[in-house]
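Here is what each chain is made of, one letter per residue.
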Amino acid sequence: MDFLPINIRISDARILIVGGGRVATHKATILSRFTSRATVIAPEVSDGIKALPFRWVERHFVESDLEGVTLLFVCTGNHQLNHHIRQLARQRGILTSICDAPADCDFTSPAIYRNGDLTISVASDGKDVRRSIRVRDRIQEAIAHDNIQID
């Protein structure tokens, strides 16, 4: 196992998503269930991201964008750029998730089920995301059908 399952307080965190396409939209949508405080930077930002409560800036990433960042999601679709941003973040000690390279991540995003204050996450150490989603969905279905009591 490479990843330790933990919860991170994000109420005061500065969260940055670099990328504005499909994968970034997916990550931002999940993140929006937990915070309204994040910034998205990309030359082109999807309408899905624009509909979220996040600040977004349509321009290319520059190194100074990392100033004060606590958590970084890199989702550009350009593997070389993702790697470059990861190196800059590593030099600054910023926890980073590269959406197309789990082996290079400091953290991964699990499949999440949330019901009020209860959050259940299922992870596969970044190796089988589809399986994590299937297990999460089974847990959600069991709770919805009262097969599992949560109170």
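Check the entry above for the structure.
Below: a short report on this structure.

Rules of the game
- Residues numbered from 1 in each chain as written.
- Predicted model: local features only at pLDDT ≥ 70, side-chain atom pairs only at ≥ 80, totals over all residues.
- Heavy atoms only, no water.
- Pairing = 2+ DSSP bridges.
- Helix = DSSP H or I, 4+ residues; strand = E, 2+ residues; numbered from the N terminus.
- Axes fitted to C-alpha atoms, helices over the stretch in contact; angles between N-to-C directions.
- Contact = heavy atoms within 4.5 Å.
- Phe/Tyr/Trp six-rings, centres within 6.5 Å; stacked < 30°, edge-to-face > 60°.
- Buried < 20%, exposed > 50% of the residue type's maximum accessible area, 1.4 Å probe, protein only.

### A look at the sheet that holds strand 2 (residues 39–42)
Read across the open sheet, the 5 strands follow the order 3-2-1-4-5; overall the sheet is parallel. Each edge of the open sheet carries a strand with a single partner, namely strand 3 (55–58) and strand 5 (95–98). Averaged over all pairs of adjacent strands, the angle between strand axes in this sheet comes to 15°, irrespective of strand direction. Here helix 1 (residues 22–31) sits on the sheet and contacts strand 1 (15–18) and strand 4 (71–74); the angle it forms with strand 1, its principal contact strand, is near 160°.

### Focus on the packing of aromatic side chains
Across all of its chains, the model carries 1 aromatic pair by this definition. Relative to F107, the ring of F73 has its centre 5.3 Å away and its plane inclined at 90°; by these criteria the two rings are edge-to-face. Here the residue F73 occupies a position in strand 4, and F107 occupies one in the loop between strand 5 and strand 6 (111–115), the gap between them amounting to 34 residues. With a relative accessible area of 7%, F73 lands in the buried category.

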